[in-house]
Amino acid sequence: MTKHFQISTLAIAGLLALTGAPAAAFEPESADPIVLPLNEWTGQHVTTRIAGETLKKMGYNVEYVTAGYVPQVQGVMDGNLTVAMEIWEQTIQEHFTRAIDSGKAVDLGETGIDSKEGWIYPAYMEEQCPGLPSYEALKECQQIFATPETFPKGRLLDYPADWAPDNDKRLEALGLDFVAIPSGSEGAAAAEYKAAVAAKRPIVMMFYSPHWLFAEADPHWVDLPESTDACYEDASAGPNPDATHDCGWPAGWVRKLAWAGTEEKWPGAYRFLDAFQIDNAIQEQLVLEIDVNGVSQEDAIAAWMEANTDTWQAWIDAATE
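Summarised in this report is the structure supplied together with it. (Residues numbered from 1 in each chain as written. Predicted model: local features only at pLDDT ≥ 70, side-chain atom pairs only at ≥ 80, totals over all residues. Heavy atoms only, no water.)

Describing the overall build of the protein
- What the protein contains, in helices and strands, is 13 helices and eleven strands.
- In terms of overall dimensions, the protein has a C-alpha envelope of 65 × 50 × 30 Å along the principal axes.
- Among the 321 residues that make up the protein, the fraction classed as buried is 48%.
- Pairs at least 24 residues apart make up 71% of the contacts formed inside the protein by residues separated by at least 6 positions.
- Carbon and sulfur atoms provide 50% of the accessible area of the protein, an area that totals close to 14500 Å².
- In the protein, 19 side chains carry a positive charge and 50 a negative one; their mean positions are 3 Å apart. (Helix = DSSP H or I, 4+ residues; strand = E, 2+ residues; numbered from the N terminus. Buried < 20%, exposed > 50% of the residue type's maximum accessible area, 1.4 Å probe, protein only. Contact = heavy atoms within 4.5 Å. Areas by Shrake-Rupley, 256 points an atom, 1.4 Å probe, with all protein chains shown as cover. Lys, Arg positive; Asp, Glu negative; His and termini not counted. Charge placed at Lys NZ, Arg CZ, Asp CG, Glu CD.)

Some remarks on the side chain of Thr82
- Tracing the chain through its elements places Thr82 in the loop between helix H3 (71-78) and strand S3 (83-88).
- Among all residues touching Thr82, those that are not within four sequence positions of it are Pro33, Ile34, Val35, Val76, Leu257, Ala258, Trp259, Thr262 and Trp266.

Re the environment of Asp317
- Of note, Asp317 is situated in helix H13 (residues 309-320).
- Distance in space between the C-alpha atoms of Asp317 and Phe272 is 9.0 Å, their sequence separation being 45 residues.

Some thoughts on empty space enclosed by the protein
- Across all of its chains, the model carries one cavity of 30 Å³ or more by this definition.
- In this structure, the largest cavity occupies an estimated 40 Å³ of space.
- Lining the largest cavity are Asp158, Tyr159, Pro160, Trp163, Ser183, Glu186, Ala189, Met206 and Phe207. (1 Å grid on protein atoms, 1.4 Å probe; cavity = no way out; pocket = protein on both sides within 12 Å on 5 of 7 lines; lining within 4 Å. Points joined across faces, edges and corners; volume = space filled by probe spheres on them.)

Some thoughts on the layout of surface pockets
- Here the largest pocket is characterised by a volume of approximately 820 Å³.
- Forming the walls of the largest pocket are 34 residues, and the residues nearest its centre are Trp88, Thr91, Glu117, Tyr159 and Tyr208.
- Classifying every residue of the lining of the largest pocket gives 15 nonpolar, eleven polar and eight charged.
- Its volume calculated, the second largest pocket comes out at about 170 Å³.
- Surrounding the second largest pocket, 14 residues form its lining, Lys116, Glu117, Leu224, Gly248 and Trp249 being those nearest its centre.
- Element by element, the count of residues in the lining of the second largest pocket is highest for strand S5 (residues 116-121), at three residues.
- When its residues are assigned to classes, the lining of the second largest pocket shows seven nonpolar, three polar and four charged. (Nonpolar A, V, L, I, M, F, W, Y, C, P; charged D, E, K, R; others polar.)

What to know about unusual backbone geometry
- Following Phe151, the chain continues to Pro152 via a peptide bond in cis, the omega torsion being 10 degrees.
- Residue Lys200 is not a glycine yet carries a positive backbone phi of 55 degrees.
- Tracing the chain through its elements places Lys200 in the loop between helix H7 (186-199) and strand S9 (205-209).
- In the Ramachandran plot, Asp218 falls in the positive-phi region, its phi being about 50 degrees despite a non-glycine side chain.
- Within the secondary structure layout, Asp218 lies in the loop between helix H8 (212-216) and strand S10 (220-221).

Looking at H13
- In this model, H13 (twelve residues) spans 16 Å end to end at C-alpha, consistent with the 16 Å of a helix rising 1.5 Å per residue.
- Of the positions making up H13, those classed as buried are Trp312, Gln313, Trp315, Ile316 and Ala319. Projection of H13 onto a plane perpendicular to its axis shows the buried side chains occupying an angular sector of 150 degrees, all on one side. Facing away from the buried surface of H13 by more than 90 degrees, the exposed residues are Asp310 and Ala318. (Expected span 1.5 Å × (residues − 1). Arc of directions from axis to C-beta.)

Regarding the state of the cysteines
- Under the definition given, this model contains two disulfides.
- Each sulfur of the disulfide joining Cys129 and Cys141 lies 2.2 Å from the other. Torsion about the S-S bond of the Cys129 and Cys141 cystine: about 100 degrees, corresponding to right-handed handedness. Of this pair, Cys129 sits in the loop between helix H5 (125-128) and strand S6 (130-133) while Cys141 sits in the loop between S6 and strand S7 (154-158), and the two are twelve residues apart along the sequence. (Disulfide = S-S within 2.5 Å.)

Focus on the pairing of strand S1 (residues 34-38)
- Counting buried positions along S1 yields five of five residues, so the element is predominantly enclosed.
- Burial along S1 is two-sided: the residues Ile34, Leu36 and Leu38 and Val35 and Pro37 are all buried.
- Pairing of S1 with strand S2 (residues 62-66) involves five bridges; the strand directions are parallel. Bridge pairing in S2 places Val35 opposite Glu63. (Pairing = 2+ DSSP bridges.)

Quick notes on the sheet that holds strand S4 (residues 105-110)
- Read from one edge to the other, the open sheet built from three strands follows the order S3-S11-S4, with strand pairing classed as antiparallel. This sheet does not close on itself; its edge strands, each paired only once, are S3 and S4. Taking the axes of each pair of neighbouring strands and ignoring which way they run, one obtains an average angle of 30 degrees across the sheet.
- For S3 and strand S11 (residues 254-259), the ladder comprises four bridges, and the chain directions are antiparallel. Counterpart to Ile87 in the pairing with S11 is Arg255. (Axes fitted to C-alpha atoms, helices over the stretch in contact; angles between N-to-C directions.)

Quick look at the packing of aromatic side chains
- Tallied over the full model, the rule gives 13 aromatic pairs.
- Seen in terms of ring centroids, Tyr159 and Trp163 are 4.8 Å apart; in terms of plane orientation they differ by 55 degrees. Their pairing is tilted.
- Judged by relative accessible area, which is 38%, Trp163 ranks as partly exposed.
- For the pair Trp304 and Trp315, a centre-to-centre distance of 6.2 Å together with 20 degrees between the ring planes defines the contact as stacked. With Trp304 in helix H12 (residues 297-307) and Trp315 in helix H13, the pair connects residues that are eleven residues apart, well separated along the chain. Exposure class is identical for Trp304 and Trp315. Each is buried.
- Three or more aromatic residues link up through ring pairs in this structure, and these residues are Tyr159, Trp163, Phe207 and Tyr208.
- The side chain of Arg170 reaches across the aromatic face of Trp249, ending 3.7 Å from its centre. (Phe/Tyr/Trp six-rings, centres within 6.5 Å; stacked < 30°, edge-to-face > 60°. Lys NZ or Arg CZ within 6 Å of the ring centre and 35° of its normal.)

What follows is the structure, given as structure tokens:
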């Protein structure tokens, strides 16, 4: 566990008691609970709980409920859920748009998460493969990344097969003499990356952020040609005039979706949630504490709130001025 989160059991208990107390004189407009859904992944829990615990500091009644990622959209539209804190463009954009178009939900802007997919490698590989992070460098270094399974071609550790990755097309289009080998699971891929770093072995891997791996192992991204819609449809759009998929992956937004009645019922909370933003570094460090170091969500969030008073107090001040 990092020193930042080494807090005794008694201290944690005290912090948990504090998280429910208002930080300043503020009169909540309604005693009814602001209901925040928790989805299927830890990062979303982190974002939601930091927002929820700050609302408690303002004096609001907050409830957390477990809700499916897609079904929560209808729950927000119906007013059974107040705000969904992470709607990802690349997964359920159509449901988000439907909710906004219905007039029953409103867009509260971006959450602040910078979503990204691509190839990662350890920093020490820049000495073994000069020219990184440019993907062009991999054309001269494929044998460094080779394994007995792929030699003389390099090995790209890919997403699990059931994630339907398309790196075989991308490698060919970019002229890289590599083989995409699916990992057994996301967890297996992260474990293999950590083992390679510990042994200073070559590895290049398909991955995504935000993820706790970035807080623990500090991977570097391979620079790929910019992603465009045309790259996937028009061969002339990228550096290879004879192939599609000669580019990186699109980066999408992560937004907040609120019940349309939120502003009228809890105007102070609405202003706060509209302005609230988290970032990858905060989320990744907390997910590392929870998923890897075994700290409970409640304790990890309480420790973060105690260590970052200035951050959440500034959010409150901005919402209540």
